[in-house]
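# Summary of structural features
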Amino acid sequence: SSGINAEYGGNAWESPKFLPFDLQKRVIEERFGPLTRLIDCSSSTSMNYSLPGHTGTVGFISSMSRNFCGGCNRLRLTHDGMLKVCLFGKDEVSLRDILRDSNLPEEKRTEMLHAVIAGAVKKKKFSHGGVESIKEQMKRPMILIGG
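Side chains of strand E4 (residues 47-50) alternate between two faces, with Met 47 and Tyr 49 and Asn 48 and Ser 50 buried alike. Across four bridges, the pairing between E4 and strand E5 (residues 57-60) is antiparallel. Its bridge partner lying in E5, Ser 50 is registered against Thr 57.

Have a look at this one:
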């Protein structure tokens, strides 16, 4: 254990409490038997499994132990009109200002929104860089980001 303690907008996270994907899966399999990997869509943030003889599925979202940033196609629009291309990133762009500008013709507004969103997506990183990087970047508590 690295002993990392991080504060994610009021949500305390400590590495001794962290249970990586491989260990989570092993604990379940030791108790219930082998999990069968299901086919997920390419942009899925979860790795989904079934348990033979049981109803339902179990999904692991392992953003800390096996990041999926390179295949993530998620965008988040916050309650105050800011667009985030990464849940863990600090970068945000305002869509609110464009949407509220009553002097803009609809066609120009659409063009500007497209340009701002495309620009933000093009700057999206392939990987978030791990726990230390996230600890340094977090600006908003996840509860205020939405999703």
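Following the criterion strictly, the structure yields three aromatic pairs and no others. Arranged with centres 5.1 Å apart and planes meeting at 80°, the rings of Phe 21 and Phe 60 form a pair that is edge-to-face. On the criterion of sequence distance, the pair formed by Phe 21 in helix H1 (residues 21-32) and Phe 60 in strand E5 is long-range, its members being 39 residues apart. Both residues of the pair, Phe 21 and Phe 60, belong to the buried class. Put simply, the rings of Phe 21, Tyr 49 and Phe 60 pair up and form one aromatic cluster. Above the face of the Tyr 49 ring, Arg 37 is positioned so that its terminal group lies 5.3 Å from the ring centre.

How each quantity is defined
Residues numbered from 1 in each chain as written. Predicted model: local features only at pLDDT ≥ 70, side-chain atom pairs only at ≥ 80, totals over all residues. Heavy atoms only, no water. Buried < 20%, exposed > 50% of the residue type's maximum accessible area, 1.4 Å probe, protein only. Helix = DSSP H or I, 4+ residues; strand = E, 2+ residues; numbered from the N terminus. Pairing = 2+ DSSP bridges. Phe/Tyr/Trp six-rings, centres within 6.5 Å; stacked < 30°, edge-to-face > 60°. Lys NZ or Arg CZ within 6 Å of the ring centre and 35° of its normal.

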